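Structural features, examined
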Amino acid sequence: SELHRIGGREADPRATKLVLAAGTGIGASALVWTGARWLAVPGEGGHITFAAHTKRERDVIDVLYADQPHVPVDRVVSGPGLANLYQGIAKLDGAKAAALLTNDVLTRGLSRSDAIAEEALALFIAWLGRFASDAALMVGARGGVYIGGGLAPRMVDALSTGLFRRSFDEKGQMKGFLEPIPVYIILAKFA
């Protein structure tokens with residue numbers, strides 16, 4: 001009852017699980033069954049290099065981080081990243097935009113009351129899906145991907161519309177590996 005599944009099949013109960021948490025940054029860890037107990041394998045996945053896929057994505061990143069030699073995933077797939085995306089899109093489009101807090105961008109994007117916030121939220125969702133699938137491939141997460149943190153539980157409906165799952169599954173020859181993997185949004189308040 002404290003998990004909301006987005007796609008995939010039932011998880012293999014003893015297979016490796018991936019846990020992500022998007023909030024002030026993005027954390028990543030794996031849970032591996034040793035044969036006797038679960039072993040948490042910590043990591044710093046949020047610091048891997050972000051990869052834009054389209055010209056529009058590259059342009060947004062260039063506006064925000066042109067002077068940075070390395071743009072980690074947690075600069076864009078996090079609460080502060082969502083707020084920065086809003087500013088980057090506005091600047092790229094030559095629009096005036098107030099400096100909004102993450103919650104304001106999220107609220108405006110979810111309510112569809114601000115086109116810039118909508119685009120920022122769509123980019124965030126697509127990028128979270130891609131990051132989740134990259135990390136799932138890295139650890140072989142046949143036991144499922146579990147996403148918690150401060151943002152995902154507040155945007156369950158937006159994550160369930162299809163964009164997230166399409167972004168998760170679109171990995172060319174690895175699509176068949178990813179499609180059965182369930183993604184769960186952790187709804188528990190104190191997971």
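Residues numbered from 1 in each chain as written. Predicted model: local features only at pLDDT ≥ 70, side-chain atom pairs only at ≥ 80, totals over all residues. Heavy atoms only, no water.

Comments concerning the pattern of salt bridges
Two side chains carrying opposite charge are able to pair once their charged atoms lie near each other. Tallied over the full model, the rule gives 10 salt bridges. Across the pair Lys171 and Asp134 runs a salt bridge, and its minimum N-O distance is 3.1 Å. With a gap of 37 residues between them, Lys171 in the loop between helix H6 (163–169) and helix H7 (175–178) and Asp134 in helix H4 (residues 115–139) connect regions that are remote in the sequence. You can call Asp134 partly exposed: its relative accessible area is 34%. For Asp169, the salt bridge identified is with Arg165, shortest N-O distance 3.1 Å. Taken together, the residues span about one helical turn, with Asp169 and Arg165 both in helix H6 at a distance of 4 residues. Residue Asp169 is classed as buried on the basis of its relative accessible area, which comes to 11%. (Salt bridge = Lys/Arg side-chain N within 4 Å of Asp/Glu carboxyl O. Helix = DSSP H or I, 4+ residues; strand = E, 2+ residues; numbered from the N terminus. Buried < 20%, exposed > 50% of the residue type's maximum accessible area, 1.4 Å probe, protein only.)

Overview of the sheet that holds strand S5 (residues 145–148)
On the basis of which strands lie adjacent, the open sheet formed by 6 strands has the order S1-S6-S5-S2-S3-S4 and mixed pairing. Whereas interior strands pair on both sides, the edge strands pair on one side only; in this sheet they are strand S1 (3–6) and strand S4 (38–42). On average, each strand axis in the sheet is inclined to that of its neighbour by 25 degrees, with strand direction left out of account. Sheet topology note: the strand S2 (residues 17–22)/strand S3 (residues 26–33) ladder contains 6 bridges and is antiparallel. In the sheet register, Leu20 faces S3, and the bridge partner there is Ala28. Where H4 meets the sheet, it contacts S2, S3 and S5, and its direction lies at approximately 150 degrees from that of S2. (Pairing = 2+ DSSP bridges. Axes fitted to C-alpha atoms, helices over the stretch in contact; angles between N-to-C directions. Contact = heavy atoms within 4.5 Å.)

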